[in-house]
Structures are given as C-alpha cells and as structure tokens.
Amino acid sequence: MDQNYISYGKVAKFLHWTMAILLLLNYFLGLTLEKSSLYNFHKQTGLTILLLAIIRIIWRIIDQYPAPIKSLSMMERSGAKLRHLSLYLFMLSVPLSGILMVNAHGYELSFWGVYTLPTFIEMQSESGGHVFAEIHEILANSMMAIIGIHLLAALKHHLVDKNEVLLRMIPFSRRGK
Ligand code: HEM
Ligand code: HEM
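Residues numbered from 1 in each chain as written. Chains lettered and ligands numbered in written order. Predicted model: local features only at pLDDT ≥ 70, side-chain atom pairs only at ≥ 80, totals over all residues.

Q: I'm lost on the site of ligand 1 in this one. Help?
A: Around ligand 1 there are 23 residues in total, and Gly-30, Lys-43, Gly-46, Pro-95 and Gly-98 lie nearest to it. Residue assignment for the shell around ligand 1 shows that the elements contributing at least two residues are α1 (10-31), α3 (39-62), α4 (74-104) and α5 (126-159). (Near = placed C-beta within 6 Å. Helix = DSSP H or I, 4+ residues; strand = E, 2+ residues; numbered from the N terminus.)

Q: What is the right way to look at the site of ligand 2 in this model?
A: As a structural note, the neighbourhood of ligand 2 is formed by 19 residues, with Ala-20, His-84, Leu-87, Ala-154 and Met-169 the closest of them. Counting only elements with at least two residues in the shell around ligand 2, the list comes to α1, α4 and α5. Here the element with the most residues in the shell around ligand 2 is α4; it accounts for five residues. Here the residues of the shell around ligand 2 sort into 14 nonpolar, three polar and two charged. (Nonpolar A, V, L, I, M, F, W, Y, C, P; charged D, E, K, R; others polar.)

Q: Can you walk me through the environment of Ser-86 in this structure?
A: Positionally, Ser-86 belongs in helix α4. Taking the C-alpha atoms as reference, Ser-86 lies 10.0 Å from Ile-147; in sequence the two are 61 residues apart.

Q: Looking at this structure, how should I read the nonpolar core?
A: The tendency in soluble globular proteins is for nonpolar side chains to be buried as a group. Ile-99, Met-101, Val-102, Ala-104 and Phe-132 together form the largest nonpolar core, which totals five residues. Those residues in contact with Met-101, other than ones at most four positions away along the chain, are Gly-129, Phe-132, Ala-133 and His-136. (Core = buried A, V, L, I, M, F, W, Y, C linked by C-beta atoms within 7 Å. Buried ≥ 20, exposed ≤ 12 C-beta atoms within 10 Å, placed from the backbone. Contact = placed C-beta atoms within 7 Å.)

Q: Sorry if this is basic, but what is going on with α4 here?
A: Along an α-helix, residues three or four positions apart point the same way, because every turn accommodates 3.6 residues. With 31 residues, α4 should cover 45 Å at 1.5 Å per step; its first-to-last C-alpha distance of 44 Å lies within 8% of that length. When we look at burial in α4, the residues that qualify are Met-91, Val-94, Pro-95, Ser-97, Gly-98, Ile-99, Met-101, Val-102, Asn-103 and Ala-104. The elements touched by buried residues of α4 are α3 and α5. Gly-106 sits one or two residues past α4 and shows a positive phi near 85°. (Expected span 1.5 Å × (residues − 1).)

The following block contains the structure:
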C-alpha cells in the first residue's frame with residue numbers, strides 16, 4: 001500500500017458521510033412510512049438530501065479531487081466512475097421524483113417551514129401521483145443496489161487488494177503527502 005496517498009478533502013468527506021447516513025435513514029423511513037406515518041419527516045429529510053446533493057455537485061466541480069489510484073486497472077477505474085456518476089444522478093432524481101409525486105397529489109411542499117417550493121405540476125391527478133410514486137420506489141431501490149455494490153467494492157479494495165481507496169475517504173485521514 002502506498003503510504004503517501006492523497007485523501008479526499010474535509011468538505012468532500014463531510015458531505016459523503018453525512019449524506020450516506022441521511023440517505024440510508026430516509027430509505028428505511030420510506031419503507032416503513034405506512035406504519036410510522038412520518039411522511040413529513042421523510043419529505044423534509046429528502047429535501048435536505050437534495051440541497052446537500054446540489055452543494056456536493058458544485059463542490060465536486062470547483063474543488064480538487066484526488067486522481068484515481070495508479071494501481072487500479074482501467075476496468076476498475078471506469079467501473080468506479082460509472083457508479084459514482086450514477087450515484088450523483090440518483091441523489092437528484094430520487095428526491096425530485098418525490099417532489100413530483102407530492103405535486104401531482106396536489107399537496108403543498110414547504111422546506112422545514114422556511115420556504116414553500118413552487119408547484120411543478122399544475123394538473124393534479126391520482127393516477128399521476130401513483131405513476132411518480134412507482135418511479136420514486138424504482139429509483140430508490142436501484143440507488144440502494146448501486147450503494148450495495150459501492151460498499152462491497154470499497155471493502156474489497158481495503159481487505160483483499162489492500163490499497164488506499166477506502167482510507168482516502170475515512171474522516172481525519174491525511175489530505176496530502
Ligand atoms: C433521497 C431521498 C429519498 C429516498 C431515499 C426516498 C425513499 C423512499 C422509499 C424507499 C419509499 C417507499 C416506496 C415504497 O415501497 O412504496 C418512499 C416513499 C415516499 N416518499 Fe420518498 N425518498 C426520498 C425523498 C423523498 C422526497 C424529497 C419526497 C417528497 C418531497 C418523498 C416523498 C415520499 C412519499 C410521499 C412516499 C410515500 C409513497 C406512497 O404513498 O406510496 N420522498 N420514499
Ligand atoms: C456505506 C458505506 C460507504 C462506504 C464504505 C463508501 C466508501 C467510499 C469510498 C472509499 C469512496 C472513494 C472511492 C474512490 O476514491 O474511488 C467513495 C466515493 C463516493 N461515494 Fe461512497 N461509501 C459509502 C456510502 C455511500 C453512499 C450511501 C453514497 C450515496 C450517494 C456514496 C456515494 C459516493 C460517491 C458519489 C463517491 C464519489 C466521490 C467522487 O466524486 O470522487 N457512498 N465512497
């Protein structure tokens with residue numbers, strides 16, 4: 001293992017782990033909504049995730065992220081790139097489909113009581129709401145499948161390949177050489 005690895009920055013790590021916790025929490029909250037009735041909490045957490053995703057994507061563009069590790073094969077690099085890209089798309093599309101579902105059902109959506117979101121769908125219909133609910137469920141489940149693969153890949157790098165991929169994302173690890 002290269003002892004002189006360059007790790008992700010503090011902000012990138014903070015956003016990665018905060019969002020990981022919120023996403024997993026909100027997914028399991030979503031699955032138990034009928035029993036828990038925590039609909040509003042699920043919506044608010046989902047909107048917070050959307051806001052953090054926008055900040056994260058802007059930060060991804062303006063900050064210097066570490067280059068891929070040299071020991072990785074081309075296949076591993078492209079696989080990781082594709083998975084990361086799809087995760088960024090899910091971070092946006094899962095909450096957006098939730099917003100459209102609520103819009104289609106004709107409910108107002110406020111962000112923690114501070115800001116009322118504009119309505120993107122003027123024509124309310126039960127069937128429209130159900131279509132978006134279906135899309136929301138499919139997207140959330142697909143996202144969890146990719147997160148599962150992402151987690152297994154991180155563990156394989158650490159335990160089998162014994163490289164620095166996971167260490168670069170661990171909080172408080174070094175930033176540079
Ligand atoms: C990334 C964040 C989110 C995740 C991971 C997520 C995940 C889920 C999951 C797994 C379900 C259960 C689907 C099912 O089995 O029927 C669900 C349901 C639901 N979600 Fe989300 N959600 C997120 C964000 C949002 C947002 C932002 C809203 C609205 C503003 C929202 C509104 C809803 C509603 C209303 C339901 C109930 C659907 C129904 O009545 O069947 N979600 N969500
Ligand atoms: C469950 C435990 C998780 C572990 C152990 C983990 C581990 C890692 C590691 C080691 C990296 C760096 C990969 C590299 O340098 O190539 C990474 C990056 C990334 N992770 Fe996770 N992760 C987890 C959960 C999540 C979740 C829930 C998401 C949901 C969105 C996520 C999204 C991402 C993204 C988008 C990147 C790429 C960052 C970039 O733009 O370079 N991770 N993760």
